[in-house]
Amino acid sequence: QHLFSHVELAPRDPILGLNEAYNADTRATKVNLGVGVYYDANGKLPLLKAVREAEATRIQGAPARGYLPIEGIAAYDQAVQNLLFGAESSLISAGRVATFQAIGGTGGLKIGADFLQRLNPQAKVLISDPSWENHRALFENAGFTVETYPYYDAQTRGVNFAGMLQALEQAAAGTIVVLHACCHNPTGADLSAEEWQRIIAVAQARELVPFLDMAYQGFGDGIKEDAIALDLFAASGLNFFISSSFSKSFSLYGERVGALTVVTDGKDETARVVSQVKRVIRTNYSNPPTHGATVVATVLNTPALRSMWENELAEMRERIRAMRAGLVEKLQAAGVTQDFSFVLRQRGMFSYSGLTASQVDRLREEFGIYAVSSGRICVAALNQQNLDYVVQAIASVVR
Ligand code: PLP
């Protein structure tokens, strides 16, 4: 009897598999558009100046490394709330908001999912079609049945809002609806404020449980602008969940800095919810790590570092926008007749390019340009050095 003799090989993660193939490619001109990270104008993963300064201060202070409270660093949790809702939020002053430091945005989703599973094990989870590839597995692993609501409309390259609304109108009370608060991954197609209002009305009428995933705050139109859905949900009086992440906005992917935020009816309810979510955390990993959240809290709560970070985030956002514009302009100049102007309307790091799986195959095989088979490309991996090459390659495969 051998313990592992019947263990089957799990399927490879498609995106990590793509990275491995890219790394093994020996062509000097190769480009990896399959990634989900922001690269700077030189194609490098940046370490933000604000982060470097906060880290230097921290190392200088040589702090001891005791355990954190189960819910994390209080100053961090408070800074997360202020960033999501604004420091003047009446929700916060009314004691309706509980925030838990989490192991990245993924960790925020996971502790939220585990808590929801204890509240209502029979609830169904609805995610967008398509969605970030980990949403389904994460909620299934927490014990839920996961289905999808229509989201992307390939014809308009925007949101199939009628289809989405109809699916939510048919959902049973208690259904958990995972919503991308901004910069939808993978499509880049977001809802308008009016559309969010209608989603909120359905969530209220149907007693749905909204779970907003905020992984890209600041990558769309700005820190405040990207929180429009949160503002509307906050004003609605609904109870809802938010997972948020600083992986992208602080370029701190490996430090795993995120949070779960829960909006309740009031102080007393908050205290009870906090006690239960703390049990979930305690039995998963006991308490969160110190470094990343200390750095983020220092930056957010120190005015000089805060404005330095906001400028660096704006620079990332504007560079992505410039790459979108460059891509559209140069494709047209290269004689591509197909309309790519939708790339300019998309928000965040990604573009659903409309390239077919076989065109993606040709990009990889003939040009060493790697993209996800769905046609998702990471616009943040484009730069002035590789843009012309990518444009020529796309022009040649769509011809
Ligand atoms: N949610 C979405 C929509 C994402 O795209 C990502 C990261 O790619 C995450 C959550 C997870 O973020 P983190 O790396 O902070 O766990």
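Residues numbered from 1 in each chain as written. Predicted model: local features only at pLDDT ≥ 70, side-chain atom pairs only at ≥ 80, totals over all residues.

- Per an unreviewed UniProt entry, the recorded name for the protein is Aminotransferase, and the organism is Parvibium lacunae.
- Its UniProt record, at the heading Subunit (unreviewed entry), says of the protein: "Homodimer."
- On record in UniProt, under Cofactor (unreviewed entry), the comment for the protein is "pyridoxal 5'-phosphate". (UniProt positions renumbered as here; feature names shortened; annotations may be inferred.)

### Some thoughts on the overall build of the protein
Phase 1 of the analysis: Along the protein, the regular secondary structure elements total 15 helices and 13 strands.
Phase 2 of the analysis: Here the C-alpha radius of gyration of the protein, 21 Å, is about what a compact globule of 399 residues would show, namely 21 Å.
Phase 3 of the analysis: Each principal axis of the C-alpha distribution contributes one length, and for the protein these read about 65 × 60 × 55 Å.
Phase 4 of the analysis: Out of the 399 residues in the protein, the part that is buried amounts to 45%.
Phase 5 of the analysis: Restricting the contact set of the protein to residue pairs at least 6 apart, pairs at least 24 apart contribute 75%. (Helix = DSSP H or I, 4+ residues; strand = E, 2+ residues; numbered from the N terminus. Rg over C-alpha atoms; globule rule 2.2 N^0.38 Å. Buried ≥ 20, exposed ≤ 12 C-beta atoms within 10 Å, placed from the backbone. Contact = placed C-beta atoms within 7 Å.)

### Some thoughts on the sheet that holds strand S7 (residues 176–180)
Phase 1 of the analysis: Judged by pairing direction, the sheet is mixed, and its 7 strands sit side by side in the order S2-S10-S9-S8-S7-S3-S4 without closing on themselves. Both outer strands of the open sheet, strand S2 (97–103) and strand S4 (145–150), are each paired with one neighbouring strand and no more. Ignoring which end each strand starts from, the neighbouring axes of this sheet average 25° apart.
Phase 2 of the analysis: As paired strands, S7 and strand S8 (residues 209–214) are joined by 5 bridges and run parallel to one another. The partner of His-180 across the bridge, within S8, is Asp-213. (Pairing = 2+ DSSP bridges. Axes fitted to C-alpha atoms, helices over the stretch in contact; angles between N-to-C directions.)

### Topic: the packing of helix H2 (residues 49–61) against helix H12 (residues 303–333)
Phase 1 of the analysis: The N-to-C vectors of H2 and H12 enclose an angle of 150°; their axes lie 8 Å apart at closest approach. Classed by the angle they form, the pair H2 and H12 counts as roughly antiparallel. Residues Lys-49, Ala-50, Glu-53 and Ala-54 of H2 touch H12, and the partners they reach there are Leu-305, Met-308, Trp-309 and Glu-312. (Parallel < 35°, antiparallel > 145°, perpendicular 65-115°, else oblique.)

### Focus on the site of the ligand
Phase 1 of the analysis: The full set of residues close to the ligand is Gly-36, Gly-104, Gly-105, Thr-106, Trp-132, His-180, Asn-185, Asp-213, Ala-215, Ser-245, Ser-247 and Gly-258.
Phase 2 of the analysis: Tallying contributions element by element places helix H5 (residues 104–119) first for the shell around the ligand, with 3 residues.
Phase 3 of the analysis: When the residues that make up the shell around the ligand are grouped by side-chain class, the tally is 2 nonpolar, 9 polar and 1 charged. (Near = placed C-beta within 6 Å. Nonpolar A, V, L, I, M, F, W, Y, C, P; charged D, E, K, R; others polar.)

### Comments concerning unusual backbone geometry
Phase 1 of the analysis: Along the chain, Asp-129 connects to Pro-130 via a cis peptide bond; the corresponding omega equals 0°.
Phase 2 of the analysis: Assignment of secondary structure puts Pro-130 in the loop between strand S3 (124–129) and helix H6 (133–141).
Phase 3 of the analysis: The linkage connecting Asn-185 with the following residue, Pro-186, adopts the cis geometry, with an omega of 15°.
Phase 4 of the analysis: Note that Pro-186 resides in the loop between S7 and helix H8 (193–206).
Phase 5 of the analysis: Unlike most non-glycine residues, Ala-62 shows phi in positive territory, near 40°.
Phase 6 of the analysis: For Ala-62, the position within the fold is in the loop between H2 and helix H3 (74–85).
Phase 7 of the analysis: By C-beta crowding, Ala-62 is classed as exposed, having 6 other C-beta atoms within 10 Å.

### Brief notes about the pairing of strand S9 (residues 240–245)
Phase 1 of the analysis: By the criterion of burial, S9 is predominantly enclosed, with 6 of the 6 residues buried.
Phase 2 of the analysis: Where burial is concerned, the two faces of S9 agree: the one with Phe-240, Ile-242 and Ser-244 and the one with Phe-241, Ser-243 and Ser-245 are both buried.
Phase 3 of the analysis: With 4 bridges connecting them, S8 and S9 associate as parallel partners. Residue pairing across strands places Met-214 opposite Ser-244, the latter belonging to S9.
Phase 4 of the analysis: The parallel pair S8 and S9, bridged by helix H9 (residues 228–236), forms a crossover whose chirality is right-handed.
Phase 5 of the analysis: Sheet topology places S9 next to strand S10 (residues 257–263); 6 bridges connect them, and they run antiparallel. Within S10, the residue paired with Ile-242 across the bridge is Thr-261. (Right-handed = clockwise from strand over helix to strand, strands pointing away.)

### Some thoughts on the UniProt feature "domain: Aminotransferase class I/classII large" (unreviewed entry) in the protein
Phase 1 of the analysis: In the numbering adopted here, UniProt assigns the feature "domain: Aminotransferase class I/classII large" (unreviewed entry) to residues 29–394.
Phase 2 of the analysis: Annotation note: span residues 29–394, helix share 46%, strand share 16%, distance between end C-alpha atoms 14 Å.

### Overview of the nonpolar core
Side chains of a nonpolar character, in soluble globular proteins, are inclined to be buried together.
Phase 1 of the analysis: In this structure, Val-177, Leu-212, Leu-230, Val-296 and Met-349 are the most contacted members of the largest nonpolar core, which totals 116 residues.
Phase 2 of the analysis: With 8 residues, the single largest contributor to this core is H12.
Phase 3 of the analysis: Those residues in contact with Met-349 that lie beyond four places of it in its chain are Gly-36, Tyr-38, Cys-183, Tyr-216, Phe-219, Ile-320, Cys-378, Val-379 and Ala-380. (Core = buried A, V, L, I, M, F, W, Y, C linked by C-beta atoms within 7 Å.)

### Section: the environment of Glu-255
Phase 1 of the analysis: Among the secondary structure elements, Glu-255 is positioned in the loop between S9 and S10.
Phase 2 of the analysis: Taking C-alpha positions, Glu-255 is 20 Å from Met-349, a pair spaced 94 residues apart along the chain.

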